Amino acid sequence: MADNDPTPEAGRLVLLASTHRVAAGLLSWPAWEALRGAARGLVGNEGHPLVPPVRQAGVRVEVVDIERYSLGRSLAEAAVPGTVVVWIGGPDGDPGLADSLARLAVEGGLDPMPEIELLPGSYDLPGARLLDLVAVMDRLRSPGGCPWDAGQTHESLVKYLVEESFELVEAIEEGDREALLEELGDVLLQVFFHARIAEEDAAEPFGIDDVAGGIVEKLTYRHPHVFGDVHAPTAEHVEANWEQLKAVEKQRESVVDGVPLAQPALALAAKLHSRAAKAELDVPLPEADDLGSRLLALAVEAQRQGLDPEAELRAAARRYRDAIRQAEKDK
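Thresholds applied
Residues numbered from 1 in each chain as written. Predicted model: local features only at pLDDT ≥ 70, side-chain atom pairs only at ≥ 80, totals over all residues. Heavy atoms only, no water. Core = buried A, V, L, I, M, F, W, Y, C linked by side-chain atoms within 4.5 Å. Buried < 20%, exposed > 50% of the residue type's maximum accessible area, 1.4 Å probe, protein only. Helix = DSSP H or I, 4+ residues; strand = E, 2+ residues; numbered from the N terminus. Pairing = 2+ DSSP bridges. Lys, Arg positive; Asp, Glu negative; His and termini not counted. Salt bridge = Lys/Arg side-chain N within 4 Å of Asp/Glu carboxyl O. Contact = heavy atoms within 4.5 Å. 1 Å grid on protein atoms, 1.4 Å probe; cavity = no way out; pocket = protein on both sides within 12 Å on 5 of 7 lines; lining within 4 Å. Points joined across faces, edges and corners; volume = space filled by probe spheres on them. Nonpolar A, V, L, I, M, F, W, Y, C, P; charged D, E, K, R; others polar. pLDDT = per-residue confidence, 0-100.

### Notes on the nonpolar core
- Counting residues in hydrophobic clusters, the biggest one holds 18 residues, and the most contacted among them are Leu16, Leu27, Leu35, Val54, Val86, Ile88 and Leu119.
- Listing elements by their share of this core, those giving two or more residues are β1 (12-17), α1 (29-37), α2 (51-56) and β4 (84-88).
- Considering each element in turn, this core owes the most residues, four residues, to α1.
- With 15 residues, the next largest nonpolar core counts Leu13, Ala76, Ala79 and Leu110 among its residues.

### Things to note about the sheet that holds β1
- Strand order in the open sheet made by the five strands is β3-β2-β4-β1-β5, with parallel pairing throughout. Looking at which strands have only one partner, the edges of the open sheet turn out to be β3 (62-63) and β5 (115-120).

### Some details on the environment of Glu77
- Tracing the chain through its elements places Glu77 in helix α3 (residues 71-78).
- In this structure Glu77 comes out as partly exposed when scored by relative accessible area, which is 42%.
- Separated by 33 residues in sequence, Glu77 and Leu110 place their C-alpha atoms 7.7 Å apart.

### Points about the side chain of Asp94
- Tracing the chain through its elements places Asp94 in the loop between β4 and α4 (97-107).
- Within the buried core, Asp94 has no salt-bridge partner, and the shortest N-O distance to an opposite charge, that of Arg68, equals 4.6 Å.
- Ignoring anything within four residues of it in the chain, the contact list for Asp94 reads Arg68, Leu71, Trp87 and Gly89.

### A word on empty space enclosed by the protein
- By the definition in use, this model includes one cavity of 30 Å³ or more.
- Empty space within the largest cavity amounts to approximately 50 Å³.
- Lining the largest cavity are Val134, Met137, Phe192, Ala195, Arg196, Glu199 and Ile208.
- Listing elements by their share of the lining of the largest cavity, those giving two or more residues are α5 (129-141) and α8 (177-199).
- If you tally residues by element for the lining of the largest cavity, the top one is α8, at four residues.
- Residue composition of the lining of the largest cavity, by class: five nonpolar, no polar and two charged.

### Side note on the confidence of the model for the chain
- Looking at the chain, the pLDDT average stands at 90 and 97% of residues meet or exceed 70.
- Highest mean pLDDT in the chain belongs to α8 (97); lowest belongs to helix α11 (residues 235-250) (76).
- Contacts from residues 1-7, a stretch scored under 50 in pLDDT, to residues over four places away or in other chains number two contacts.

### Side note on the layout of surface pockets
- As a volume, the largest pocket reaches approximately 380 Å³.
- Ala17, Ser18, Gly89, Gly90 and Gly93 are the residues nearest the centre of the largest pocket, which is lined by 24 residues in total.
- Residue assignment for the lining of the largest pocket shows that the elements contributing at least two residues are β1 and α4.
- Per element, the largest residue contribution to the lining of the largest pocket is three residues, and it comes from β1.

So this is what it looks like as structure tokens:
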């Protein structure tokens, strides 16, 4: 090339990133424009989920078998001057590709080095990682998965649900943010686990979408002040309306219908008193001539003061635990 010849325009390498958590054809407009305008569209695997919709759109895609260690150089070399090459990134994000291209640019191992653009073609929506949890649970319960997970039932998981719930309560009461994050995940796992087991029921199967759909419908129905035209300016109005809607929905005959009797006794006592108070029922307490009656009276007293008797007792128990530890140190 003569000294006065113009330098050829550098090629351009577009690294197209996408997420497997949305439908494969749902790419952004810039992504489609890049694919349609590229001299070459490259992908590392014929089974890549984007290959069918991209080809259906009339865009030619070449499958290239490139070793991971040489992927960066091979793609840079493919983007010859004056052309645009689009690399459809793998579902794993092509670990190491960005670093290898950066080293190539710094070390000057290719002349001319193409311009490199990272183009997000699709994004995760809020809650998208829940799809990963669905996939993980399906893998664990399916043939070839985990024998322990595959052998669990609704009944066998009850103790874990209770334990995880109490561990979540403890994280909240201790103000431990790291533990809160972990324990919320453990409780969420229990929900997904039970939903996955329910899918296998021969008589009445349902899945996580049915669970989510049911709670969405319930929340919409019980919040007419948000999703309808009911006026509820205060939290008290909202709570009263909620109880009224539940009574109609559940066709309850008593204010104490639906109160789970298996909950801890102090919480049960407080809940029963709360239901009676909301119904403006003046129900006298049993004579406090035994331990159970005295505990009931204490739970009602806490409820009247706006306190959670379970939380108060746990707080006192934690103080007692700390005192025991101190006594052990002083012994």
